[in-house]
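Structural description and commentary
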Amino acid sequence: MIRTGRTGRGYALRGAAVVAVVAMAGVTAGCKEQPAAGAPAAPSAPAGSSSPTDDAKPGGASTSPSASAEPAPKEPVKASPKPSATRTAPPADPQGKVLMASGSQGGQVRELQARLRQIGHFNRSPTGYYGTVTVAAVQSFQGKRGLTRTGKTDTLTWQKLLGMTHEPTAAELKPPTTRPVAKPDKRCLTGRVLCISKNSRTLSWMIDGKVVSSMDVRFGSQYTPTREGTFSVYWKSRHHVSSIYHTAMPYAMFFSGGQAVHYSSDFAARGYNGASHGCVNVRDEGKIAALFAQVRTGDKVVVYK
């Protein structure tokens, strides 16, 4: 009986030990789910759970590293803006505002040309028209002064030119002609005459043998020559446009068919590098404007070599 009792007590002790071991194992397993004292609980959601966190949008996937293989993008989703050329204003021209350029005309252009001529960059009389010759002259000046060779007269170019030249005189602004006036043909010595010399390439407006004004002129090419002889002005047209070539012929004074004395902006721009279609071109608009006002229908025109 005593043996049996020992066996029973032994089983009882063994049972108590087993219960204690099982209880201890339960406490140890609970460390994965129970927070340590004073620390928050780790999320217990299994991988793939849709429970939102502070960085996730409602209803979206969790941003926890264990939530998915590909984490959701962080906010903000837009990349930081990069400097863009379209968002910034273009840099200001270091040479300043453009004051005059190709196609400009008027008194300031005439002064520009006169000042350029004073220092050897413009080799003809001022015309008041900003053409290819003036562009080349400005480029030449800019190149000598270390400026960008734009051919446009900007504020810096203009200021440098003013500092190197003097104010043009009336004779410098409007010289009688760039070419020596030829001795007039004997047919030009009486009456009111437009006396036009092909050799000297000049036109002299004469009244009773005296020269009232003179100006440079250009003639037709070998394929469209200007007729020679004695004619008379039969029609004046202030704002004429050629019906054949559709080009402007301001201050036109017709003397032989479709040939006329008139202002030519092409002559003003290109000089003797070009030619007319038979007309007598004048490149000084101010002079031909004054001439147009004085000439009458019926006045004589003499074209000679």
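Residues numbered from 1 in each chain as written. Predicted model: local features only at pLDDT ≥ 70, side-chain atom pairs only at ≥ 80, totals over all residues. Heavy atoms only, no water.

1. With respect to the overall build of the protein chain
In terms of helices and strands, the protein chain carries seven helices and 11 strands. A burial count over the protein chain gives 34% of its 305 residues as buried. Taking contacts inside the protein chain between residues at least 6 apart in sequence as the whole, the part at least 24 apart equals 55%. (Helix = DSSP H or I, 4+ residues; strand = E, 2+ residues; numbered from the N terminus. Buried < 20%, exposed > 50% of the residue type's maximum accessible area, 1.4 Å probe, protein only. Contact = heavy atoms within 4.5 Å.)

2. Some words on the state of the cysteines
What the rule picks out here adds up to one disulfide. Here Cys188 engages in a disulfide with Cys195; their sulfurs sit 2.1 Å apart. Where Cys188 bonds to Cys195 through sulfur, the torsion about that S-S bond is close to 80°, and the disulfide is right-handed. Residue classification places Cys195 among the buried positions, given a relative accessible area of 3%. (Disulfide = S-S within 2.5 Å.)

3. Some details on the nonpolar core
Core analysis: the biggest nonpolar cluster contains 25 residues, and Leu194, Ile196, Leu203, Met253, Val261, Leu291 and Val301 have the highest contact counts within it. Residue contacts for Leu194: discarding those within four places in its chain leaves Leu203, Ser204, Trp205, Val233, Val261, Leu291, Val295, Lys300, Val301 and Val302. Among the nonpolar cores identified, the runner-up in size contains 13 residues, and Val109, Val133, Val135 and Leu161 belong to it. (Core = buried A, V, L, I, M, F, W, Y, C linked by side-chain atoms within 4.5 Å.)

4. Some points on the environment of Gly209
Within the fold, Gly209 resides in the loop between β4 (202–207) and β5 (210–218). Measuring from C-alpha to C-alpha, the distance between Gly209 and Arg187 comes to 9.6 Å, with 22 residues separating the pair along the chain. Ignoring any residue separated from it by four or fewer positions in sequence, one finds Gly209 in contact with Cys188 and Leu189.

5. A short note on the pattern of salt bridges
Pairing of side chains with opposite charge becomes possible as their charged atoms draw close. Evaluation of the coordinates by the stated rule reveals eight salt bridges. Between Glu228 and Lys198 there is a salt bridge, with its nearest N and O atoms 3.2 Å apart. Note that Glu228 is positioned in the loop between β5 and β6 (229–232) and Lys198 in the loop between β3 (192–197) and β4, a separation of 30 residues in sequence. A salt bridge links Arg283 to Asp216; the shortest N-O distance between them is 2.9 Å. (Salt bridge = Lys/Arg side-chain N within 4 Å of Asp/Glu carboxyl O.)

6. Observations regarding the side chain of Asp299
If you trace the backbone, Asp299 turns up in the loop between α7 (285–294) and β11 (300–304). Overall, the relative accessible area of 7% leaves Asp299 in the buried class. At 3.2 Å, the side chain of Asp299 and the side chain of Arg192 are in polar contact. At a separation of 2.8 Å, a polar atom in the side chain of Asp299 contacts the main-chain amide nitrogen of Arg296. Setting aside anything within four residues of it in sequence, one finds Asp299 in contact with Arg192, Trp205, Phe231, Ser232, Val233 and Gln294. (Polar contact = N/O pair within 3.5 Å; in protein donor to acceptor, adjacent residues only side chain to side chain.)

7. Quick word on the sheet that holds β3
Ordered in space as β6-β11-β3-β4-β5-β10-β9-β8-β7, the nine strands form an open sheet in which the pairing is mixed. The sheet is open, and its two borders are formed by β6 and β7 (235–241), each paired with just one other strand. Neighbouring strand axes in the sheet, compared pairwise and without regard to direction, differ in orientation by 30° on average. Bridge analysis of β3 against β4 gives six bridges, and the strand direction is antiparallel. Bridge pairing links Ser197 to Thr202 in β4. Sheet contacts for α7: β3, β4, β5, β7, β8 (248–256), β9 (259–263) and β10 (280–282); angle to β8, the most-contacted strand, approximately 50°. (Pairing = 2+ DSSP bridges. Axes fitted to C-alpha atoms, helices over the stretch in contact; angles between N-to-C directions.)

8. Observations concerning the pairing of β3
In terms of burial, β3 is a largely internal element, five of the six residues being buried. What sits between the antiparallel neighbours β3 and β4 is a turn of four residues, in which Arg201 has the positive phi angle 55°. Where β3 and β11 come together, five bridges link them in parallel fashion. Within the sheet, the bridge partner assigned to Ile196 lies in β11 and is Val303.

Geometric descriptors of this kind do not, in isolation, establish any biological role.
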